[in-house]
Amino acid sequence: MTKMLVVEDYEIIREEICEILQIEDFDVIWAENGAQGLERAKKELPNLILSDISMPKLNGYQFLAELQKSSITQSIPFIF
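Quick caveat: nothing in here was measured; it's all calculated off a predicted structure.

Criteria and thresholds
- Just so you know, the residues in each chain are numbered from 1, in the order the chain's sequence is written.
- Residue-level local features of this predicted model are given only where pLDDT is at least 70; pairs of side-chain atoms are given and counted only at 80 or more, and the full residue set underlies all totals for whole chains, interfaces and linings.
- Neither water nor hydrogens contribute to the side-chain values; these are computed over all heavy atoms in the structure.
- Strands qualify as paired when DSSP identifies two bridges or more between them.
- The way it works is that DSSP assigns letters per residue, a run of H or I at least four long becomes a helix, a run of E at least two long becomes a strand, and they are numbered from the N terminus.
- Pairs of residues are marked as contacts when any of their non-hydrogen atoms sit within 4.5 Å.
- With axes taken as lines fitted to C-alpha atoms, and helix axes fitted only over the stretch in contact, angles between N-to-C directions fall between 0 and 180 degrees.
- Here the term patch refers to residues with relative accessible area over 30% and no salt bridge, with like charges joined within 9 Å and nonpolar side chains (Val, Leu, Ile, Met, Phe, Trp, Tyr) within 5 Å.
- What sets the accessible areas is the Shrake-Rupley method with a 1.4 Å probe; for residues, cover comes only from the shown protein chains.
- Counted as salt bridges are all cases of a side-chain nitrogen of Lys or Arg within 4 Å of a carboxyl oxygen of Asp or Glu.
- Note that His is not counted, nor are the chain ends; the positive residues are Lys and Arg, and the negative ones are Asp and Glu.
- The atom standing in for a charge is NZ when the residue is Lys, CZ when it is Arg, CG when it is Asp and CD when it is Glu.
- With a 1.4 Å probe rolled over the protein chains alone, any residue whose accessible area is under 20% of its type maximum counts as buried; one over 50% counts as exposed, and the rest are partly exposed.
- As used here, the arc is the angular range of directions from the helix axis to the C-beta atoms.
- Here a polar contact is recorded for every N or O atom pair within 3.5 Å, except that within protein the pair must consist of a potential hydrogen donor and a potential acceptor, and residues adjacent in sequence are included only if both atoms are side-chain atoms.

**A word on the sheet that holds strand 1 (residues 3-7)**
Taken in spatial order, the four strands make up an open sheet running 2-1-3-4, and their pairing is parallel. One side of each edge strand has no neighbouring strand; the edge strands of this open sheet are strand 2 (27-31) and strand 4 (78-79). Both strand 3 (residues 48-51) and strand 4 contribute to a ladder of two bridges, which runs parallel. Its bridge partner being in strand 4, Leu-50 is matched across the sheet by Ile-79. Contacting strand 1, strand 2 and strand 3, helix 1 (residues 11-23) runs over the sheet at an angle of about 165 degrees to strand 2.

**A word on a negative patch on the surface**
Residues Glu-11, Glu-15, Glu-16, Glu-19 and Glu-32 make up a contiguous surface patch of negative charge. Secondary-structure assignment places Glu-11 in helix 1.

**A closer look at helix 2 (residues 34-44)**
Spacing of three or four residues puts side chains on the same side of an α-helix, whose turn is 3.6 residues. Those residues of helix 2 not exposed but buried are Gly-34, Gly-37, Leu-38 and Ala-41. Along the axis of helix 2, the buried positions cluster into a sector of 105 degrees, meaning they face one direction only. Relative to its buried face, helix 2 has exposed residues pointing more than 90 degrees away, namely Glu-39 and Lys-43. Summarising the contacts, the buried residues of helix 2 are in contact with strand 1, strand 2, strand 3 and helix 3 (60-69). Capping the start of helix 2, Asn-33 holds a side-chain oxygen 3.1 Å from the backbone nitrogen of Ala-35, two or three residues further along. Note on helix 2: the residue one or two positions beyond its end, Leu-45, has a positive phi of about 45 degrees.

Geometric values such as these leave the question of function open.
Next comes the structure, spelled out in structure tokens:
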């Protein structure tokens, strides 16, 4: 099963995205901000990351830059 990480700070939007992906039979994990997303990505190694841009702690661009610094996460496909 394809594992997707959804990183979104607005709970309602995050829940809707996760629900749609689960209906489509994806294994979904989520994070509330870029810093939490970075931790989850390193631990869970998802097949794809869907990320908001404007978030607290690490914005989407900073989150992506941190992912690209690590050899274990740099090749994970990423969509804003």
